[in-house]
Amino acid sequence: MVSYFTVDSISEVTNFQKEISNMMHGLGDNPNPNAATVVLVESIVLNQLRSMLQEAFNLSMNRGAKVITNYEIIYLMRKNKLKMKRLYDYQKKLDHIDKTRQGTLVSDSLLSGIILDDDKGTMLKRKRTHIECIKEFDEADEVSQIKFDAIDYLRKVRAAKITESMSFEKYEAYHKARCCSFRSGYAIGKGFAKLEKWLNPNKELKITLSALEVLCFLAYETVAEIVDAVFLIRQDAKKKIGDPFSKFEGGHFCNPVSLNNAVYIKSGYEGVPAITVPEVREVLRRYFNPISGMNGLFYRNMCLDLPIRYLAI
C-alpha cells in the first residue's frame, strides 16, 4: 500500500512503512503486521511529528532563532521526566557508538548532540547536547533520580518471552526488527536525510541534525506507545465479571507475572494476532478521551501535568 501523506514538491513518495512494520514486529506484533494498520500508524506518527515541528518553530521564532534545534523539541518534553530520562540514556548510547566507530571526534561534521572539538578555535559555536538541554530544563534534578523505567522493563520482558523458543533464523529476523528505527543510516551527516524529507518535503522549515535526532527518538516512541497500548486493550478485553485477576491470564505482554504462566498458541509468537486498524483507533479514542479520569486505562498519559496531544511525550 502506498501512503499519500508524504508526497513532496517533485512528486516523489517517501514513507517509513517498511521500517514501521519492522518496529511493530520487534515490539511484539505479528511477524507480518497488517498493511492497513502500518499505513495508519505511519500517518499518526507523521501528524504527531509535524505538529511538534510547528510548535517548535513557534518557540524558535519567539527566541529569535532561524532554525529548529534540539532545544525546542526537548522543551516540549520538559514535563515528562521519564521520557527525558530515556532520551538521556539514548544520548549516552549514541555517544558511545559514535566514539567507537569514529575513533576520534571530528569537529565540524559530527552527528547532532555531540560536542564540537575545541581545536578548531574559539570562533566555532559550540552545539548544545541533548544532555545539556535536559539538565537545563530539569532544575530539580529529577531525571537523574529515576532509577527504574517500568515501561521499558515490560518491553524487555515481552521480548524475552517472545524469543524463548525461537529458532536461530527467526531470532536473527527478530533482532533486525528490534534494531530498526527512523534513522536511515549511521554515516556522518546522512542518517536523517530520509526523515527530514518525510517531515519537511518542501524545505519550509530549517531543522538541525540535533533536532532530527530527537524527532527520530520520539517517532520510535510513538510507535512503541501505540503497540503497548494495544496490548493493554487486549488485556483489558480479557476481564471477566466477578474475576478481578482474569485479565492477567494468557500472554498479553503487559504484566510480567502473568507472562510466567502464559499460554501461547503455536510457538507463542506466530499465534499472536496482528494489530488491527480498529485497535489502533481505540487507542486514540481512549488516549484523547477527556473523561477517562484517574481510573482510566491510560491515566499515565492523561495527567494534567503532562501534554496530552502527543503520544510520545
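Residues numbered from 1 in each chain as written. Predicted model: local features only at pLDDT ≥ 70, side-chain atom pairs only at ≥ 80, totals over all residues. Heavy atoms only, no water.

Asker: Now, about helix α11 (residues 277-287): what can you tell me, with residues and values included?
Answerer: Helical geometry note: an α-helix holds 3.6 residues per turn, so side chains three or four residues apart project in the same direction. Inspection of α11 places E279, V280, V283, R286 and Y287 among the buried residues, and these make up the whole buried set. Along the axis of α11, the buried positions cluster into a sector of 125°, meaning they face one direction only. Of the residues in α11, the exposed ones pointing more than 90 degrees away from the buried face are P278 and R281. (Buried < 20%, exposed > 50% of the residue type's maximum accessible area, 1.4 Å probe, protein only. Helix = DSSP H or I, 4+ residues; strand = E, 2+ residues; numbered from the N terminus. Arc of directions from axis to C-beta.)

Asker: Account for the packing of aromatic side chains, naming residues and giving values.
Answerer: Scanning all chains against the criterion turns up seven aromatic pairs. Geometrically, the ring pair formed by F16 and F182 is tilted, given 5.1 Å between the ring centres and 50° between the ring planes. On the criterion of sequence distance, the pair formed by F16 in the segment before α1 (17-26) and F182 in the loop between α7 (168-179) and α8 (193-199) is long-range, its members being 166 residues apart. Assigned by exposure class, F16 and F182 land together as buried. Seen from their ring centres, Y71 and F137 are 4.9 Å apart, and the 45° between their planes marks the pair as tilted. Of this pair, Y71 sits in helix α3 (residues 70-76) while F137 sits in helix α5 (residues 130-137); the two residues are 66 residues apart in sequence, bridging distant segments of the chain. The residues Y71 and F137 share a single accessibility class, namely buried. Every member of this aromatic cluster is reached through a ring pair, and the members are F16, F182 and W198. (Phe/Tyr/Trp six-rings, centres within 6.5 Å; stacked < 30°, edge-to-face > 60°.)

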